[in-house]
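Spelled out, the chains give:
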Amino acid sequence: MSEITQRDVQYMRHALELAKRGAGHVSPNPMVGAVIVKDDRIIGEGWHEHIGGLHAERNAFKNCTEDCTGATIYVTLEPCCHWGRTPPCTDAILEHKIARVVVGCLDPNPLVAGKGLRILRDAGISCVSGVLENECHAVNEVFFHYITTKTPFVVMKYAMTLDGRIAAYTGDSKWVTGETARLHVQETRKRLSGIMVGIGTVLADDPMLNCRIETGVDPIRLICDSQLRTPLDSQLVRTAKDIPTWIFCAHAQSDRAAALEKAGVRVVSLPDADGKRVDLRAVMNYLGEQQVDSVLLEGGGTLNGEALRLGLVHKVQAYIAPKLIGGASAHGPVGGPGIAKMADALQLADLTITRLGEDILIEGRIRKD
């Protein structure tokens, strides 16, 4: 195995930036970037641009400005070696007589999982893996989870005041955070496949739940509404023919369901959890079967509390505004019965803290151990 150089790190970092351009367009595939270098010059680059389109390696070859013989290709994820929507990328690497392959991280897909590099090594190509491995893994945290579990990667997002309220005692919540933080939320909406709220949020806020940035991609709107109380004149229903909108219920009335479906809503009846509410685990299993690889929870305390209780949340995004509003009856971000002992509290790991205007974003993964 050849030694990893500083130039390898530099070119892999460039490939990572290319990979991120696929955000919101490639689900449930991974975001991948590729850079072809010859004589210390970039002669081709590309990324996986959209589902069903060319993979990053083949886009890089397509954009190549000269013969690739003897060149090095940098790829953020191990090249595929199987037929899917497109031919194997290992074939393209062999056809173009690449001399060295540098990979960020291995592909957990059982159809690949080290086989891609093995094919290339057996053909006499020098292969290196693990360059910026943590960064390459982080870019595709959704893909790595989905490909191994077939259930969505769930991000619980909420905005709260410094004293832990998500709305005033009157229910008013516009706006907890400032414009910079709200724009950051739109970037997350663009990146994840679905956005989920409960019926309480629908009735209180009449939300649109779309992605409001110029290059945005609207997520599938997912509503947990066990009794089908979503108003037919709500923004969600009125725009259901333009933006995919799915409502999950436990006790569907045929006439109500028919009216929603006529408006363009997909009504999904699933088992109930307690005789009243739709089972969130059943919802997540259904979403996984529909290739929805990620969900942004943007509901209130009831939905958040149930998702946490069932162990369905993988990552938390807490936007904290430097405001104090008080109110004993003002709601917090997590409801439900709660934890009895502080020692049993859910812990976050891999924390990051980001300043967004006057607000602060704290992100972390739910520790599973």
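These numbers come from a predicted model, not from an experiment. (Residues numbered from 1 in each chain as written. Predicted model: local features only at pLDDT ≥ 70, side-chain atom pairs only at ≥ 80, totals over all residues. Heavy atoms only, no water.)

As for the overall build of the protein
Now for step 1: In terms of regular secondary structure, the protein is built from 12 helices and 14 strands.
Now for step 2: Compactness check: the protein gives a C-alpha radius of gyration of 23 Å against a globular reference of 21 Å for 369 residues, within 12% of the reference.
Now for step 3: With 369 residues in all, the protein has 51% of them scored as buried.
Now for step 4: If you take every contact in the protein between residues at least 6 apart in sequence, the share linking residues at least 24 apart comes to 71%.
Now for step 5: As presented, the protein carries roughly 17,500 Å² of accessible surface, and 51% of it is formed by carbon and sulfur atoms.
Now for step 6: The averaged location of the 44 negative side-chain charges in the protein is 2 Å from the averaged location of its 41 positive side-chain charges. (Helix = DSSP H or I, 4+ residues; strand = E, 2+ residues; numbered from the N terminus. Rg over C-alpha atoms; globule rule 2.2 N^0.38 Å. Buried < 20%, exposed > 50% of the residue type's maximum accessible area, 1.4 Å probe, protein only. Contact = heavy atoms within 4.5 Å. Areas by Shrake-Rupley, 256 points an atom, 1.4 Å probe, with all protein chains shown as cover. Lys, Arg positive; Asp, Glu negative; His and termini not counted. Charge placed at Lys NZ, Arg CZ, Asp CG, Glu CD.)

Describing the confidence of the model for the protein
Now for step 1: In this model, the protein carries an average pLDDT of 92, and 98% of its residues clear a pLDDT of 70 or more.
Now for step 2: The secondary structure element of the protein with the lowest average pLDDT is helix 4 (residues 115-122), at 91, and the one with the highest is strand 11 (residues 294-297), at 98. (pLDDT = per-residue confidence, 0-100.)

Topic: helix 6 (residues 141-149)
Now for step 1: In terms of burial, helix 6 is a largely internal element, seven of the nine residues being buried.
Now for step 2: Listing the buried residues of helix 6 in full gives E141, V142, F143, F144, H145, Y146 and I147.

Considering the pattern of salt bridges
Oppositely charged side chains may form a pair once their charged atoms are brought near each other.
Now for step 1: Counted according to the given criterion, the structure contains 14 salt bridges.
Now for step 2: Across the pair K315 and E141 runs a salt bridge whose closest N-O atoms are separated by 3.0 Å. Highlighted residues: K315 in strand 12 (residues 315-321) and E141 in helix 6, separated in sequence by 174 residues.
Now for step 3: Classification of K315 as buried rests on a relative accessible area of 14%.
Now for step 4: One connected set of salt bridges, linked through shared partners, spans E141, K315, E363 and R365. (Salt bridge = Lys/Arg side-chain N within 4 Å of Asp/Glu carboxyl O.)

Things to note about the sheet that holds strand 9 (residues 245-249)
Now for step 1: Within the open sheet, the nine strands sit side by side as 10-9-8-7-11-6-12-14-13. Their pairing is mixed. This sheet does not close on itself; its edge strands, each paired only once, are strand 10 (266-269) and strand 13 (348-356). Across this sheet, the average inter-strand angle for adjacent strands is 20°, counted without regard to direction.
Now for step 2: Bridge count for strand 8 (residues 220-224) against strand 9 is four bridges, and the pairing is parallel. Its bridge partner being in strand 9, L222 is matched across the sheet by W246. (Pairing = 2+ DSSP bridges. Axes fitted to C-alpha atoms, helices over the stretch in contact; angles between N-to-C directions.)

Re the nonpolar core
Now for step 1: Counting 46 residues, the largest nonpolar core has M12, I36, F61, I73, I93, I98 and V101 as the members making the most contacts within it.
Now for step 2: Here this core takes seven residues from helix 1 (residues 6-19), the largest share from any one element.
Now for step 3: When residues no more than four places from it in sequence are discounted, the contact partners of I93 are F61, I73, P79, I98, V101, L120 and I125.
Now for step 4: Residues V154, C224, A307 and V316 belong to the second largest nonpolar core, which totals 34 residues. (Core = buried A, V, L, I, M, F, W, Y, C linked by side-chain atoms within 4.5 Å.)

Quick look at the environment of I73
Now for step 1: Relative to the helices and strands, I73 resides in strand 3 (residues 72-77).
Now for step 2: Through-space distance from the C-alpha of I73 to that of I36 is 4.4 Å; in sequence the pair is 37 residues apart.
Now for step 3: The residues touching I73, leaving out its near neighbours within four places in the chain, are A34, V35, I36, E57, F61, I93, I98, R100, V101 and V102.

Notes on the sheet that holds strand 5 (residues 126-129)
Now for step 1: Strand order in this open sheet of five strands is 2-1-3-4-5, and the pairing throughout is mixed. The two strands at the open ends of the sheet, each matched to only one other strand, are strand 2 (41-47) and strand 5. Recorded for the sheet is a direction-independent mean angle of 15° between the axes of neighbouring strands.
Now for step 2: Contacts from helix 4 reach strand 4 (100-105) and strand 5, with the element oriented near 155° to strand 5.

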